[in-house]
Amino acid sequence: MSIAIITGSSGLVGSETVNFFCEKGFDVIGIDNNLREFFFGKNGSTDWIKGQLLKKNKNFKHLNIDIRNFDKLNKIFKKYSKRISVIIHCAAQPSHDYGKKFPFLDFHVNATGTLNLLELTKKYCSNAPFIFMSTNKVYGDSPNKLNIMEKKTRWELKIKDKNYKGIKENFSIDNSTHSFFGVSKTYADLIVQEYGKNVGLKTVCFRGGCITGPNHSGAKLHGFLSYLVKASILKKEYNLIGYKGKQVRDNLHSNDLVNCFWEFYKKPKCGEVYNIGGGRFSNCSVIEALDIVEKSCNLKIKKKYIKIPRVGDHIWYISDTSKFKKHYPNWRQKYNTKKIIEELIEHQK
């Protein structure tokens, strides 16, 4: 039986990927040590998702291993070797704020962990596609230099602007402020490309916008829509940090993302990069998201506006997904932002 190795298997994207590939008939090995709870506290724990995955999928095996531990990873890759059909790397330290406070831990998880997995893929299963969950933060704050204009509920570009449909993959990653998290993920992104272009592995970097879904253990420092919905329903005060809460994010449901993984798995390339997110089909500002929640739940959310933005935060970011759609025309998005939020609300009830 073909084996899929999925890191960060109890996280948002990882857990969606586990269910998807189990349903496709793979034997799935999930690697996750719940470091998210260490980062974000009990609210960030993913143990509840791990329990659901084990209960639902008889062909799923969970391993409590840290991706920084090369020796333990080596034993797994050596054991299953050529049976490994795909590696999907979703594990990460995902927070801007946390990365700045703990730069060594941030770098070792995001950069060294990725390098470990690439080396083992090269050694034991070089024909298996290597799918990496990267981030739009590789572009730093360069998108903030666009001709952004202020509207009533959001920052926006003019329709005639060349970037109106979104940021393309050739957008510069240089001469900008990335955040420490952005830097460690940029290294991982580039080394994944290098193992594709230089070594010949079938690698891909998906530079995600805001990825979300019901399996998201949203915390204050990470998980925009998930935490927003959770805080609102629990009637907590919500902090709008910088840019008047009008900063725009595109939102992609984790199920739509995993279908991108599947398309790539069926027809892999070497050293490829795709910007992937909700695009113009699914995006909103923070205050627009809060407005959807208020109307859907018939409540008034307590808001606190904080003037100083997070370092490297985007004022406006929408992904141009046209390259991926051109390469994989069978992919279709099912969830827009309103549908995503409604599902998150239902999940919180």
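Our structure is the block above this text.
Procedures and definitions
- Residues numbered from 1 in each chain as written.
- Predicted model: local features only at pLDDT ≥ 70, side-chain atom pairs only at ≥ 80, totals over all residues.
- Heavy atoms only, no water.
- Helix = DSSP H or I, 4+ residues; strand = E, 2+ residues; numbered from the N terminus.
- Phe/Tyr/Trp six-rings, centres within 6.5 Å; stacked < 30°, edge-to-face > 60°.
- Buried < 20%, exposed > 50% of the residue type's maximum accessible area, 1.4 Å probe, protein only.
- Lys NZ or Arg CZ within 6 Å of the ring centre and 35° of its normal.
- Polar contact = N/O pair within 3.5 Å; in protein donor to acceptor, adjacent residues only side chain to side chain.
- Contact = heavy atoms within 4.5 Å.
- Core = buried A, V, L, I, M, F, W, Y, C linked by side-chain atoms within 4.5 Å.
- Axes fitted to C-alpha atoms, helices over the stretch in contact; angles between N-to-C directions.
- Parallel < 35°, antiparallel > 145°, perpendicular 65-115°, else oblique.
- Left-handed = near helix turned anticlockwise from the far one by under 90°.
- Nonpolar A, V, L, I, M, F, W, Y, C, P; charged D, E, K, R; others polar.
- Salt bridge = Lys/Arg side-chain N within 4 Å of Asp/Glu carboxyl O.

### Some points on the environment of His 89
Then, number 1: Structurally, His 89 can be placed in strand 4 (residues 84-89).
Then, number 2: Sequence separation between His 89 and Val 13 is 76 residues; the distance between their C-alpha atoms is 9.7 Å.

### What to know about the packing of aromatic side chains
Then, number 1: On inspection of all chains with the given rule, the structure shows 19 aromatic pairs.
Then, number 2: Residues Phe 21 and Trp 262 carry aromatic rings whose centres are separated by 5.6 Å and whose planes lie at 75° to one another, so their mutual orientation is edge-to-face. One end of the pair, Phe 21, is in helix 1 (residues 12-23); the other, Trp 262, is in helix 9 (residues 254-266), with 241 residues separating them in the sequence. The pair Phe 21 / Trp 262 is uniform in exposure class, with both members buried.
Then, number 3: A centroid spacing of 6.0 Å and a plane angle of 75° characterise the contact between Tyr 274 and Tyr 328, whose relative ring orientation is edge-to-face. With Tyr 274 in strand 12 (residues 272-276) and Tyr 328 in the loop between helix 11 (322-327) and helix 12 (337-348), this pair connects stretches of sequence that are 54 residues apart. With respect to class, Tyr 274 is no different from Tyr 328; both count as buried.
Then, number 4: Among the aromatic residues, those joined into a cluster by ring pairs are Phe 206, Phe 261, Phe 264, Tyr 274, Phe 324, Tyr 328 and Trp 331.
Then, number 5: Above the plane of the ring of Tyr 335 lies Lys 339, whose end atom (NZ or CZ) is 4.7 Å from the centre.

### Here's the deal with the side chain of Thr 7
Then, number 1: Looking at where Thr 7 falls in the secondary structure, it is placed in strand 1 (residues 3-7).
Then, number 2: With a relative accessible area of 0%, Thr 7 lands in the buried category.
Then, number 3: Within the structure, Thr 7 has its side chain in polar contact with the backbone nitrogen of Cys 90 (distance 2.9 Å).
Then, number 4: At a separation of 3.1 Å, a polar atom in the side chain of Thr 7 contacts the main-chain amide nitrogen of Ala 91.
Then, number 5: When near neighbours in sequence (up to four residues on either side) are disregarded, Thr 7 contacts Ile 31, Ile 67, Ile 88, His 89, Cys 90, Ala 91 and Leu 117.

### A closer look at the nonpolar core
A general tendency of soluble globular proteins is for nonpolar side chains to be buried together.
Then, number 1: Ranked by size, the top nonpolar core spans 35 residues in total, and within it Ile 5, Phe 77 and Ile 84 carry the most contacts.
Then, number 2: Those elements giving two or more residues to this core turn out to be strand 1, strand 2 (27-31), helix 2 (35-40), helix 4 (70-80), strand 4, helix 6 (103-124), strand 5 (130-135) and helix 7 (180-197).
Then, number 3: Take this core: its biggest share by element is 6 residues, from helix 6.
Then, number 4: What Phe 77 contacts, discounting residues up to four positions off in sequence, is Ile 5, Ile 84, Ile 87, Leu 117, Leu 120, Thr 121, Tyr 124 and Cys 125.
Then, number 5: Within the second largest apolar cluster, 33 residues are counted, among which are Ala 4, Phe 20, Cys 260 and Phe 324.

### Quick word on the packing of helix 10 (residues 286-297) against helix 12
Then, number 1: Where helix 10 contacts helix 12, the axes come no closer than 10 Å and their chain directions differ by 55°. Between helix 10 and helix 12, the interaxial angle falls into the category oblique. In this structure, the crossing between helix 10 and helix 12 has a hand that is right-handed. On the side of helix 10, the interface is formed by Ala 289, Ile 292, Val 293, Ser 296 and Cys 297, while helix 12 contributes Thr 337, Ile 341 and Ile 345.
Then, number 2: Its residues assigned to classes, the contact of helix 10 with helix 12 shows 6 nonpolar, 2 polar and no charged.

### A look at the pattern of salt bridges
Side chains bearing opposite charge may pair, as long as their charged atoms lie close to each other.
Then, number 1: This model, assessed by the stated rule, comprises 18 salt bridges.
Then, number 2: Between Glu 150 and Lys 244 there is a salt bridge; the shortest N-O distance is 3.0 Å. Here the residue Glu 150 occupies a position in strand 6 (residues 149-150), and Lys 244 occupies one in the loop between strand 10 (238-241) and strand 11 (248-253), the gap between them amounting to 94 residues.
Then, number 3: Glu 156 is the partner of Arg 154 in a salt bridge, and the nearest nitrogen-oxygen pair spans 2.9 Å. Each member of the pair, Arg 154 as well as Glu 156, is classed as buried.
Then, number 4: Residues joined in a network through salt bridges with shared partners are Arg 154, Glu 156, Arg 280 and Glu 288.

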